[in-house]
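What follows is the residue order along each chain.
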Amino acid sequence: MERQLFFSGNEAIAHGAVRAGARFACGYPGTPSTEIIEATAGLEGIHSEWCVNEKVALETAVGASLAGVRTIVTMKHVGLNVAADPFMTLSLTGVNAGLVIISADDPGMHSSQNEQDNRNYAKFAKIPMLEPSDSQEAYDFVAEAFALSEEFDTPVMLRTTTRISHGRGQVLPRVPVEVEPRDYARDISKYVMVPQYARQRNRLVLERLEKLRRRAEESPLNVLEAGSSDFGIIASGVAYAYAREAFPKAWFLKLGMSHPLPYAKVARLYDHVSRVAVVEELDPFFEEQVRALGLPVIGKAAIPADGELDQEKVFRALEPYVQRKPPRRRRPVMPPAPKLATPPQPAPGLPVRPPVLCPGCSHRSVYSALRKRRLAPMGDIGCYTLGALPPLLALDSCLCMGASIGMMAGFNKALGRKAAVGVIGDSTFFHSGVTPLIDAFYNEVEGMVVILDNRTTAMTGHQGHPGTGLRPDRAQGPSVDIQKLCEGIGVRCVTVDATDHKALDTAIKEEAKAAGLGVIIALAPCVLVTREQAGEVVVDEERCNLCGLCVDLGCPAIAPGEDAIAVLETCTGCGLCVSVCKRGALSLSCAEDPS
Ligand SMILES: Cc1ncc(C[n+]2csc(CCOP(=O)(O)OP(=O)(O)O)c2C)c(N)n1
């Protein structure tokens, strides 16, 4: 085995990640997290990259995890605010290969605009959190975090603070963990968070949290350390190290896996001592949970709620309490496992009407072309998310607005080829698609992005956006040209008429074969805005053999009849079905001239 090493917490995390089989690391710089990626960049066997911001970094990491490699993503505490949108929904989708999110907090604001306590984020998202208290644990906990991530199908937060990240300590290297890359399997009920699937996943998250709590009870990371006094301390991270030095004789509940809180282990500490204090920097995170168990505890009434602690501060704060008469003992009240709501059932007798793209929707044409390519389509949020559902089944993921491009980038980087395509709407592109496109260009991603430009924000009711220049009062303002924007970044870009199915098909085929990064803008105004009848679809019943090619488009205006296809009144005459019909059984009659 190697000699002992002397690592900062950040270096220990980087080495611990490689030892744990991580093959992908990304992040956005910010004190005190920055040195992790700088360290992985110097190590063999792991790809490292800076992303354009923390949201894109997390989405890129999700893409790499889906592609099957263990991944870490790093950011400072405020960075998680930027990444909060994918973060919160990632809890629902879970992961493929292990995914560890390093949140480095900065109590005392050495180099930050605030000192928020990101332990709250782990609770908020209902994911497990590990908190190392020295460099050795920083190194060891990464492997534990990956194991938890894969076992419980969840991202795991590894939270450090400045003193852990930048403090140095001895690290005994361990035997590397053998991990095989995982295969990617599309699973829309897991990765496409439309309401019907998100509701199911949400229940799993609540059940997972209770299982994780049981794991926290058994975990060797949560240690009850015997003392020789009548005083007990609950602590995690660097606060544990301070408290240990200040009160060497106390009993300790040292929390390495600090969320979810192991209630029974907390209660067990009270069996041994008559007074218990929580020593924690910033928020009363453990204190409030202990109080909720009905147990008396010394916390923020004695320990400062802002800034960093040290052994001196902890000693001075708690010394008076060690001597005081203990309070009357109370028995803990264990909270019951949360009750889950009964899933909604459709009223009996009502027909089930799954949401579908409108007849004539130009997005359908893109999906029809994309389905022919062997690319994993990373989706986004808008009307077009409906393309993920049957019968189109044309999108593999929907995490949050703007996630498609970063996920495509991470997926392709992890596999080293154009394996995924990003599919995003025009409004979503302006919302949060531009930054990941810049990122993909900067990181030299091999990939394709299709922007579904229907000239509006259709999903929410046809609002304007920078691409249309339309204001809320429908006045026309200046507009941004998407193609010029992409080209300005340096990305190859073509605009194709989305109603010209052949042209779209060819453009997608060409771009899938081309090297580097390219954008296809599939342009056609939303059919609900134009409502112009291009004509009427006529069915030649003699030629139609009910092959189903047009039915597969999932257009609600087409239905299989007895002898031939039937075209319903809701048809807008977009002509997509005409262009996919191989037998010439469908044709478009010209619309009447209204003049
Ligand atoms: C962070 C966030 N803000 C707002 C929304 C609501 N929302 C969902 S999709 C969408 C925009 C969709 O427009 P576009 O990308 O043009 O696709 P379209 O619906 O036109 O096909 C919005 C505003 C959301 N889901 N998430």
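Residues numbered from 1 in each chain as written. Predicted model: local features only at pLDDT ≥ 70, side-chain atom pairs only at ≥ 80, totals over all residues. Heavy atoms only, no water.

Draft legend 1. Representation of the sheet that holds strand S12 (residues 257-259). Spatial strand order, S3-S2-S4-S5-S7-S6-S12: 7 strands in an open sheet with mixed pairing. The open sheet terminates on both sides in strands that have one partner only, identified here as strand S3 (47-50) and S12. (Pairing = 2+ DSSP bridges. Helix = DSSP H or I, 4+ residues; strand = E, 2+ residues; numbered from the N terminus.)

Draft legend 2. Spatial organisation of unusual backbone geometry. The omega torsion across Thr 31 and Pro 32 is 10°, close enough to zero to call that bond cis. Here Pro 32 shows up in the loop between strand S2 (24-27) and helix H2 (35-40). In this structure, the amide linkage connecting Pro 390 to the following residue, Pro 391, adopts the cis form with an omega of 5°. For Pro 391, the location among the structural elements is in the loop between strand S14 (376-378) and helix H16 (403-415). Phi angles above zero are rare outside glycine, and Glu 444 is one such case at about 55°. On the secondary structure map, Glu 444 appears in the loop between helix H18 (434-442) and strand S16 (447-453). Here Glu 444 falls in the exposed class, since its relative accessible area comes to 67%. Despite not being glycine, Arg 474 has its phi angle at roughly 70°, a positive value. Judged by its relative accessible area of 46%, Arg 474 is partly exposed. (Buried < 20%, exposed > 50% of the residue type's maximum accessible area, 1.4 Å probe, protein only.)

Draft legend 3. Representation of a negative patch on the surface in the model. A contiguous patch of negative charge on the surface is contributed by Glu 541, Glu 542, Glu 562 and Asp 563. Mapped onto the secondary structure, Glu 542 falls in the loop between strand S19 (535-539) and strand S20 (558-560). (Patch = residues over 30% accessible without salt bridge, like charges linked within 9 Å, V, L, I, M, F, W, Y side chains within 5 Å. Areas by Shrake-Rupley, 256 points an atom, 1.4 Å probe, with all protein chains shown as cover. Salt bridge = Lys/Arg side-chain N within 4 Å of Asp/Glu carboxyl O. Lys, Arg positive; Asp, Glu negative; His and termini not counted. Charge placed at Lys NZ, Arg CZ, Asp CG, Glu CD.)

Draft legend 4. Inspection of the sheet that holds S16 at higher detail. Across the sheet, which stays open at both edges, the 5 strands sit in the order S14-S15-S16-S18-S17 with parallel pairing between neighbours. The sheet terminates laterally at S14 and strand S17 (492-497), the two strands that pair on one side only. The sheet shows a mean angle of 25° between the axes of neighbouring strands, taken without regard to direction. For S17 and strand S18 (residues 517-523), the ladder comprises 6 bridges, and the chain directions are parallel. The partner of Asp 497 across the bridge, within S18, is Leu 523. Most of the contacts of helix H19 (residues 482-489) go to S17, to which it runs at about 165°, and overall it touches S16, S17 and S18. Most of the contacts of helix H20 (residues 501-513) go to S18, to which it runs at about 170°, and overall it touches S16, S17 and S18. (Axes fitted to C-alpha atoms, helices over the stretch in contact; angles between N-to-C directions. Contact = heavy atoms within 4.5 Å.)

Draft legend 5. Quick peek at the domain arrangement of the protein. According to the domain assignment, the protein consists of domain 1 (5-181), domain 2 (222-323), domain 3 (363-530) and domain 4 (535-590). For domain 2 versus domain 3, the separation of C-alpha centres amounts to 51 Å. (Domains from an automatic or database assignment.)

Draft legend 6. Region of the structure containing the site of the ligand. Among the 18 residues in the neighbourhood of the ligand, the closest are listed as Cys 383, Asp 426, Thr 428, Ala 458 and Met 459. Here His 363 contributes a side-chain N or O atom positioned 2.9 Å from an oxygen atom of the ligand. In this structure, Asp 426 approaches the ligand through a side-chain N or O atom, which is 2.7 Å from an oxygen atom. Counting residues per element, the shell around the ligand draws most heavily on helix H17 (residues 426-432), which supplies 4 residues. Within the shell around the ligand, the residues separate by chemical class into 6 nonpolar, 10 polar and 2 charged. (Near = heavy atom within 4 Å. Polar contact = N/O pair within 3.5 Å; in protein donor to acceptor, adjacent residues only side chain to side chain. Nonpolar A, V, L, I, M, F, W, Y, C, P; charged D, E, K, R; others polar.)

Draft legend 7. Seen up close, the packing of helix H3 (residues 54-67) against helix H5 (residues 84-93). The contact between H3 and H5 brings their axes to 8 Å, and the two run at 30°. Relative to H5, the element H3 is oriented roughly parallel. Facing H3, whose interface residues are Lys 55, Leu 58, Glu 59 and Val 62, H5 presents Pro 86, Phe 87 and Leu 90. Residue composition of the contact of H3 with H5, grouped by class: 5 nonpolar, no polar and 2 charged. (Parallel < 35°, antiparallel > 145°, perpendicular 65-115°, else oblique.)

Draft legend 8. Summary view of the state of the cysteines. Applying the stated criterion across every chain yields a total of 0 disulfides. Lacking any disulfide linkage, Cys 555 is separated from the closest cysteine sulfur, that of Cys 574, by 6.3 Å. Assessed through its relative accessible area of 13%, Cys 555 is described here as buried. No disulfide involves Cys 577; its sulfur sits 6.1 Å from the nearest other cysteine sulfur, which is in Cys 574. (Disulfide = S-S within 2.5 Å.)

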